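Spelled out, the chains give:
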Amino acid sequence: MTVPATFVIDAPGDAARAAELRRVKLLATLVLAATFALFLAAKALQPMHPAFGFAAAFCEAATIGGLADWYAVVALFRRPLGLPIPHTAIIQGNQHRIADKLGEFIEQHFLEAAPVDAKLRQIDFGSFIADWLRDRKRSEDLARFALRLLPEAVAATENSGLMTFVSRRITSQLMSIDLAPLAAGTLRAFVKEGRHQGLLDDILRAVHASLTQAETMAMIREKIRDELPTLLKLYRADRFLVNKIVASASAFFEEVRNDPAHPFRGEFDRMVLSFVDRLGTDPSYADRIDGLKRDLLARPELADLARHIWANARSFFERSASGETQVLQQHLVRMFMAAGEALAGDAEMRAEINQGLVAVLRTVVAEQKSGVSTFISDQVKSWDMGQLISLIEINIGRDLQYIRFNGSLIGGLAGLVLYTLEYLLRLL
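Residue numbers here run from 1 along each chain, matching the order of that chain's written sequence. Only residues with pLDDT of 70 or above have their local features reported here, since the model is predicted, and side-chain atom pairs are shown and tallied only from 80 upward, although totals for entire chains, interfaces and linings are computed over all residues. By convention in this description, side-chain values take in all heavy atoms of the structure and omit both hydrogens and water.

**Considerations on the packing of aromatic side chains**
- Two aromatic rings, drawn from Phe, Tyr or Trp (for Trp, its six-membered ring), form a pair once their centres lie within 6.5 Å of each other, and the interplanar angle then sorts them: stacked below 30 degrees, edge-to-face above 60, tilted otherwise. Inspection of every chain in the model, using the stated rule, returns four aromatic pairs.
- When the ring of phenylalanine 316 is compared with that of phenylalanine 317, the centres are 6.4 Å apart and the planes differ by 50°; the resulting orientation is tilted.
- Each ring, one from tyrosine 402 and one from phenylalanine 405, has its centre 5.3 Å from the other, and the planes form 50°; the classification is tilted. Placement of the pair is tyrosine 402 and phenylalanine 405 together in helix α19 (residues 385–427), with a separation of three residues, close to one helical turn.
- Accessibility expressed as a relative area gives 18% for phenylalanine 405, which makes it buried.
- Put simply, the rings of Phe54, Tyr419 and Tyr423 pair up and form one aromatic cluster. In DSSP terms, a helix is any run of H or I states spanning at least four residues, a strand is any run of E spanning at least two, and both are numbered starting from the N terminus. The buried label applies to any residue whose accessible area, calculated with a 1.4 Å probe on protein chains only, is under 20% of its type's maximum; exposed applies above 50%, and partly exposed to all values in between.

Take a look at the structure:
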């Protein structure tokens, strides 16, 4: 067999198979030539002995059978002797029909929902993902790949206007939140857990510490002096009053702190709950909180802070991608490996992943199978048939050549049987 110059033998064993094909083709041709030569010799010697007639009949039929099968094998791939004989070069002449039928066959028999679903359910995607992530090297490769994409993703986010869109959406969502009921619910839970009493204790300690400071006592004394009559000032009543006020307040604060059932605590509970109720129902409170929210979101410092945070994050991503810092990469590796370990120990999660991937892939195959069929058909139509035929011959041509051996043998035996019958009939 002559391999076209444009055909490249690159698959493992192609060169050996091509050499074996050449050897078998030569052997089949030699068998054909030998049967023809023996036919001529036996025919010439037939008058000398009747046995040569049987040999001639066998060789004649073997030659015809070998020629017929040679023609059949050659006609499958090309035109015998280059002659434009009808119904030869079958593969070349039916390239487009073969391409369409091949695509149709694969679509109908390989991409149908039932076999695809059955095959997908045999695959444990969850365990594969878990084992893949638990491998440190693979997790490191995945982390490096993700970090290489980060700067491009950040740049694309900034250039596409996505950041502006996200910022506006976040601001819009924050503006739409009604904070008054949210704050009321949070405070109500705070009171229900009794945590407001700890806040009361902190307030009492802070007030007590402030009252006992020299500066505070001097300020109170000056205020009292301004209000007292002149006669009482001469007797230094202001000092006495300040000391009594501070002592009484300190004693009161101490009583409240040391007595969990102190009546003042009950009054504080009622005061806080009353405030919570008004906060959740009074429109004026809601308007005030909403105004504070709008003022806060409109502050330029908030936008500057967001830009500063984003710039720092972008710089950190760039340094991580360049390898300047390994913090983010190590964190991603640990995160991926931890996810793999968690997934390996969670059979329910693996089952959900398998079920989800089967559903997704089944849908993808169902939607794209006609496209796959068309792709296969178009690819086969675009093939160089000379190369394709050479490839087919290299892989199955050796078996096809044995058809020629079988043709010679079967033909020869058939010719021998017919000649024997004819000989016996002549004897009768």
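**Let's talk about helix α14 (residues 263–281)**
- For α14, which comprises 19 residues, the first-to-last C-alpha distance of 27 Å matches the rise-based estimate of 27 Å (1.5 Å per residue) to within 8%.
- Among the residues of α14, Arg265, Phe268, Val272, Val276 and Leu279 are the ones counted as buried. One side of α14 carries all its buried residues, which in axial view fall inside an arc of 70°. Along α14, the residues that are exposed and aim more than 90 degrees away from the buried face are Pro263, Arg270, Met271 and Thr281. One less than the residue count of a helix, multiplied by 1.5 Å, gives the span that helix is expected to have. Think of the arc as the fan of directions from the helix axis to the C-beta atoms.

**Some points on the nonpolar core**
- Among the nonpolar cores identified, the biggest contains 15 residues, and Leu200, Leu204, Phe253, Val272 and Leu279 are the most heavily contacted of them.
- Those elements giving two or more residues to this core turn out to be α9 (179–192), α10 (195–211), α13 (237–258), α14 and α15 (283–298).
- In terms of residue count, the dominant contributor to this core is α14 (four residues).
- Contact definition: two residues touch when any of their heavy atoms are within 4.5 Å. Contacts of leucine 200, omitting those with residues within four sequence positions, involve Val256, Phe264, Arg265 and Phe268. Buried residues of nine kinds, namely Ala, Val, Leu, Ile, Met, Phe, Trp, Tyr and Cys, make up a nonpolar core once their side-chain atoms join them within 4.5 Å.

**Looking at the packing of helix α5 (residues 113–121) against helix α18 (residues 347–382)**
- Only C-alpha atoms enter the line fits that serve as axes; for helices the fit covers just the stretch in contact. Angles between N-to-C directions range over 0 to 180 degrees. Orientation of α5 relative to α18, taken along the N-to-C sense of each, is 150°, at an axis distance of 10 Å. Between α5 and α18, the angle falls in the class roughly antiparallel. Between α5 and α18 lies a crossing whose hand is right-handed. The residues of α18 that touch α5, namely those facing Val116, Asp117, Leu120 and Arg121, are Val358, Leu361, Arg362 and Val365.
- Classes in brief: Ala, Val, Leu, Ile, Met, Phe, Trp, Tyr, Cys and Pro nonpolar; Asp, Glu, Lys and Arg charged; the others, Gly included, polar. Of the residues in the contact of α5 with α18, the class split is five nonpolar, no polar and three charged. Any angle that falls under 35 degrees is termed roughly parallel, while one over 145 is termed roughly antiparallel, one within 65 to 115 roughly perpendicular, and all others oblique. Crossings are sorted by hand: turned counterclockwise from the far helix by less than a right angle, the near helix makes the crossing left-handed, and turned clockwise it makes it right-handed.

**Some remarks on the pattern of salt bridges**
- The rule for a salt bridge is simple: a side-chain nitrogen of Lys or Arg has to be within 4 Å of a carboxyl oxygen of Asp or Glu. One pass over the full model with this rule turns up 14 salt bridges.
- Residue arginine 23 pairs with glutamate 20 through a salt bridge whose shortest N-O separation is 2.6 Å. Of this pair, arginine 23 and glutamate 20 both sit in helix α1 (residues 14–45), three residues apart, which is roughly one turn of that helix.
- The salt bridge involving arginine 270 is made with glutamate 267; its shortest N-O contact spans 2.2 Å. Separated by three residues within a single helix, arginine 270 and glutamate 267 lie in helix α14, roughly one turn from each other.
- Glutamate 267 gets classed as partly exposed once you look at its relative accessible area, which sits at 44%.
- One network of salt bridges, with partners in common, ties together Glu20, Arg23 and Arg398.

**Things to note about the side chain of serine 139**
- Mapped onto the elements, serine 139 comes out in helix α7 (residues 136–159).
- The contacts of serine 139, once residues within four sequence positions are left out, are Leu133, Val333, Phe336 and Met337.

**What about a nonpolar patch on the surface?**
- Within the patch definition used here, like charges are joined within 9 Å and nonpolar side chains (Val, Leu, Ile, Met, Phe, Trp, Tyr) within 5 Å, considering only residues with over 30% relative accessible area and no salt bridge. The Shrake-Rupley method, run with a 1.4 Å probe, gives the accessible areas here. Residue values count only the displayed protein chains as cover. Side chains of Phe165, Val166, Ile170, Leu174, Ile177, Leu179 and Leu182 sit close together on the surface and give an oily, nonpolar patch of about 580 Å² of accessible area.
- Listing elements by their share of the nonpolar patch, those giving two or more residues are α8 (162–176) and α9.
- For the nonpolar patch, the leading source of residues is α8, giving four residues.
- Secondary-structure assignment places leucine 182 in helix α9.

**Digging into the environment of glycine 397**
- Relative to the helices and strands, glycine 397 resides in helix α19.
- Glycine 397 sits in the buried class, given a relative accessible area of 4%.
- Linking glycine 397 and arginine 17, residues 380 residues apart in sequence, is a C-alpha distance of 9.2 Å.
- Apart from the residues lying within four places of it in its own chain, the contact partners of glycine 397 are Leu21 and Ile392.

**Here we look at the environment of glutamine 329**
- Tracing the backbone through its elements, the reader meets glutamine 329 in helix α17 (residues 327–344).
- For the pair glutamine 329 and leucine 147, spaced 182 residues apart in sequence, the C-alpha to C-alpha distance is 7.3 Å.
- Residues in contact with glutamine 329, not counting those within four places in the same chain, are Ala143, Arg144 and Leu147.

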